[in-house]
Amino acid sequence: MDASTIFHIHQFYARQSHLIDSGRAEEWAGTFTAGGAFHSPTYPAPVVGSADLTDFAAGFHRRATEQGEVHRHVVTNVWVRPEEETPADGVIVEAYLQVLATEVGGATRILRMTTLLDHLVVSEGRWSVARREVRRDDSPA
């Protein structure tokens, strides 16, 4: 995999974080394929499809605002798996994700530490998440 592809994937994750954290829910949902799926033990059920992903992202931002907090997604240690470990239709990416909360005028705390496991594909000429699985560090393996 060439350096340009890896650079664009890193930029993809930065953009995704900025979108959800700033309340741009529809744009965040647009970083998934139309049938994209988000699986996380933090939430009661998988979130699948553009409409539900938009509602999910809007709710994330709304809840933070109602609590008088700013929430940030911090994605680090992005590992684009080698080509021999990836499906023909895209790439597999693992990354660490910290979700931070800062009280307006107050302290910052870590809400959760997780690992993302994403299947990215090129859809409509850009990288998109076909499936995201979130693993929490505080959950049993």
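Per chain, the residues get numbers from 1 upward, laid out in the order the sequence is written. Per-residue local features are limited, in this predicted model, to residues with pLDDT of at least 70; the limit for side-chain atom pairs, both in listing and counting, is 80 or more; totals at the level of whole chains, interfaces and linings are taken over all residues. In computing side-chain properties, one takes all heavy atoms of the structure into account and sets aside hydrogens as well as water.

Trainee: How do you make sense of the side chain of S128 when you look at a structure like this?
Mentor: Structurally, the position occupied by S128 is in strand β6 (residues 126-136). Each residue's exposure class comes from its accessible area (1.4 Å probe, protein chains only) as a fraction of the maximum for that residue type: buried when under 20%, exposed when over 50%, partly exposed otherwise. S128 sits in the buried class, given a relative accessible area of 0%. Working rule for contacts: check all heavy atoms of both residues, and any pair within 4.5 Å makes them a contact. Setting aside chain neighbours within four positions, we find S128 in contact with F12, T31, F32, T33, H119, L120, V121 and S123. Secondary structure elements follow DSSP: runs of H or I of four or more residues count as helices, runs of E of two or more count as strands, with numbering from the N terminus.

Trainee: How should the nonpolar core be read in this particular structure?
Mentor: Nonpolar side chains in soluble globular proteins generally cluster together in the buried interior. Residue types Ala, Val, Leu, Ile, Met, Phe, Trp, Tyr and Cys, when buried and joined through side-chain atoms within 4.5 Å, form a set referred to as a nonpolar core. Ranked by size, the top nonpolar core spans 27 residues in total, and within it I9, Y13, W28, F38, V93 and L120 carry the most contacts. Of all the elements in the fold, those that place two or more residues in this core are α1 (3-21), α2 (25-29), β1 (32-39), α3 (50-66), β3 (69-80), β4 (90-103), β5 (108-123) and β6. Aside from chain neighbours lying at most four places away, what touches F38 is W28, F32, Y43, P46, V47, L53, F56, R132 and V134.

Trainee: So what exactly am I meant to see when it comes to the environment of S40 here?
Mentor: Within the fold, S40 resides in the loop between β1 and β2 (47-48). Sequence separation between S40 and L116 is 76 residues, and the spatial gap between their C-alpha atoms is 9.4 Å.

Trainee: Sorry, what's going on with the pattern of salt bridges here?
Mentor: In the sections that follow, a salt bridge refers to a side-chain nitrogen of Lys or Arg positioned within 4 Å of a carboxyl oxygen of Asp or Glu. In the structure shown here, the tally under the stated rule is seven salt bridges. The residue R62 makes a salt bridge to E66 at a minimum N-O spacing of 3.7 Å. Of the two residues, R62 and E66 both sit in helix α3, four residues apart, roughly one turn of that helix. The exposure class of R62 is partly exposed, given its relative accessible area of 44%. Two residues, R81 and E94, come together in a salt bridge whose shortest N-O distance is 2.3 Å. Highlighted residues: R81 in the loop between β3 and β4 and E94 in strand β4, separated in sequence by 13 residues. Of the two residues, R81 and E94, neither departs from the other in class, the shared state being buried.

Trainee: Even after reading the chapter, I still don't get the packing of aromatic side chains, so can you show me in this structure?
Mentor: Each pair of aromatic rings is reported with the distance of its centres and the angle of its planes. Stacked, tilted and edge-to-face are the three classes applied to pairs of Phe, Tyr and Trp rings, where Trp contributes its six-membered ring and a pair requires centres within 6.5 Å; stacked means planes under 30 degrees apart, edge-to-face means over 60, and tilted covers the rest. This model, assessed by the stated rule, comprises seven aromatic pairs. Ring centres of F12 and Y13 lie 5.2 Å apart, and the angle between their planes is 85 degrees; this geometry places the pair in the edge-to-face category. With respect to class, F12 is no different from Y13; both count as buried. When the centroid spacing of 6.4 Å and the interplanar angle of 55 degrees are considered together, the rings of F38 and Y43 count as tilted. Here F38 falls in the buried class, since its relative accessible area comes to 8%. Through successive ring pairs, a cluster of aromatic residues spans W28, F32, F38, Y43 and F56.

Trainee: I'm lost on unusual backbone geometry in this one. Help?
Mentor: Excluding glycine, residues mostly carry a negative phi; peptide bonds, for their part, are mostly trans. With a phi angle near 50 degrees, N77 is a residue other than glycine that sits in the positive phi range. Within the element layout of this structure, N77 appears in strand β3. Look at N77 and you get exposed, because its relative accessible area is 54%. Within the chain, E124 stands out as a residue other than glycine whose phi angle is a positive 55 degrees. Position of E124 relative to the elements: it lies in the loop between β5 and β6. With a relative accessible area of 74%, E124 lands in the exposed category.

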